[in-house]
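Observations on chain architecture
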Amino acid sequence: MGSIDFRLGWSLLLLAASLPAETPARVMLVTNLNSPLSIRLSDFYQRWHNLPAQQVCRIHTPAVETVTRREFESSIAKSVEGCLRNRNLVEAIYYLVLTQGIPIRIQRAAPDDGASVDSELTLLYMRMKGGLIQFPGATDNPFYRQRDRPFRHPDFPIYLVTRLAGYSFEDARRAVLRCREAVNRGKVVLDLKADNDEPGNAWLRDTAIFLPEDRSLLDLSPQVVPPQKEVIGYAGWGSNDPSRKTRKSGMQWLPGAIATEFVSTNARTLAMPPFHWTLGTWQDSSTWFAGSPQSMILDYVWEGVSGIAGNIDEPYLKWTVRPDVLFPAYLSGRNLAESFYLALPVLSWQTLILGDPLCKLAPPR
């Protein structure tokens, strides 16, 4: 029996190695059958990439944003693991695509015990292989800063998890559709927070250094950077910049544009705020939405980005997405998922990454 299992294991590894690295064949789409929105998004994405049924994992989990760790393990992690194991896709799948309507948060039962569902699922491969995982708290991302290495199993024992989401089905759908027209042109806008020596400002300056001179706009003024045309990327402080007073960036986003912010709670919910709501202060709870006055990543999706990273809760600045890694990777030809995870120091933590993992900038025509 041992020799049969050994040969089967090698055959699956060879099959995985023979698959192209950045095609729909590497995607597992996860659908919550308890959420009409999740089902609708899943049906669209499956048709868009012509995914076979075996690459769609249908689960039953509460259609809420927060679940306990027990609920996460029983109704999400165990179900996704079952889809991967039972269909012999553990090695072949690189990207897990979740859909809005699947919970975003694992409830904190103790300090550092909480995490985003998406970030926790990145470790599913490692767990299935018996790897050692630090718990509770953040786990080092083995793919972080591995700029010159292709993402593949078993070299990197994780899944790259992204999510399709928007204030509406159409918002989420359009974010994916825009990737079809994505071309490697335009500039990355980098908005520093004035009179601040935090590392985030240094990372933004480094980003401008690492990109070609004509591909970035580094704003050093005390004001929020004014709206720009032909923007392919954006990084800044969002509502943590005291000069920022409105939700809208006003940017003219190119197809395939991506963004990130140094903001603690900008993915605290995927619900739509009231139309009149705008950024507030921690001192005035009447200005809060969903428990926070801070900016919202889905505002950027609504405006026109195809991908963005945010945080469901306080990630600490040192564990946020690093723009000096993200944008050089994306503009050099990495896809959306690989670019964001190359730039993310830790997993099993607070990050949520929205967008089609296969979104990629085509060479200029």
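Structural data are supplied above this passage.
Residues numbered from 1 in each chain as written. Predicted model: local features only at pLDDT ≥ 70, side-chain atom pairs only at ≥ 80, totals over all residues. Heavy atoms only, no water.

Topic: the overall build of the protein
Heads up, the rule is: The numbering of helices and of strands both runs from the N terminus, where a helix is a DSSP run of H or I of at least 4 residues and a strand a run of E of at least 2. Here the globule rule is a power law, 2.2 Å times the number of residues to the power 0.38, and the radius of gyration is based on C-alpha atoms. Burial here depends on accessible area, computed with a 1.4 Å probe over protein chains only, as a share of the maximum for the residue type. Under 20% is buried, over 50% is exposed, and the range in between is partly exposed.
Assigned secondary structure in the protein consists of ten helices and 15 strands. Over its C-alpha atoms the protein spans a radius of gyration of 20 Å, differing by no more than 12% from the 21 Å that the globule rule assigns to 365 residues. Expressed along its principal axes, the backbone C-alpha trace of the protein runs to roughly 70 × 45 × 35 Å. Looking at the 365 residues of the protein, the share that counts as buried comes to 57%.

Let's talk about the environment of Pro 222
Threshold: Between two residues, a contact is recorded if the distance between any of their heavy atoms is within 4.5 Å.
Mapped onto the fold, Pro 222 is located in the loop between strand S10 (216-219) and strand S11 (231-236). Between the C-alpha atom of Pro 222 and that of Asp 195, which follows or precedes it by 27 residues, the distance is 7.6 Å. In this structure, Pro 222 is in contact with Ala 194 and Ser 243, ignoring residues within four places of it in sequence.

So, the packing of helix H2 (residues 36-49) against helix H6 (residues 169-177)
Rules: Only the stretch in contact is used when fitting a helix axis, every axis being a line fitted to C-alpha atoms; angles between N-to-C directions are given from 0 to 180 degrees. Note on terminology: angles under 35 degrees are roughly parallel, angles over 145 are roughly antiparallel, angles of 65 to 115 are roughly perpendicular, and the others are oblique. Left-handed describes a crossing whose near helix is turned anticlockwise from the far helix by less than a right angle; the clockwise case is right-handed. Amino acids outside the nonpolar list (Ala, Val, Leu, Ile, Met, Phe, Trp, Tyr, Cys, Pro) and the charged list (Asp, Glu, Lys, Arg) are all regarded as polar, and Gly is one of them.
Where H2 meets H6, the closest approach of the two axes is 10 Å, and the angle between their N-to-C directions is 20 degrees. Judged by the inter-axis angle, H2 sits roughly parallel to H6. Read as a crossing pair, H2 and H6 show a hand that is right-handed. Only Phe 169, Ala 172, Arg 173, Val 176 and Leu 177 of H6 make contact with H2, whose side of the interface consists of Leu 37, Arg 40, Leu 41, Phe 44, Tyr 45 and Trp 48. Here the contact of H2 with H6 is composed, by residue class, of nine nonpolar, no polar and two charged.

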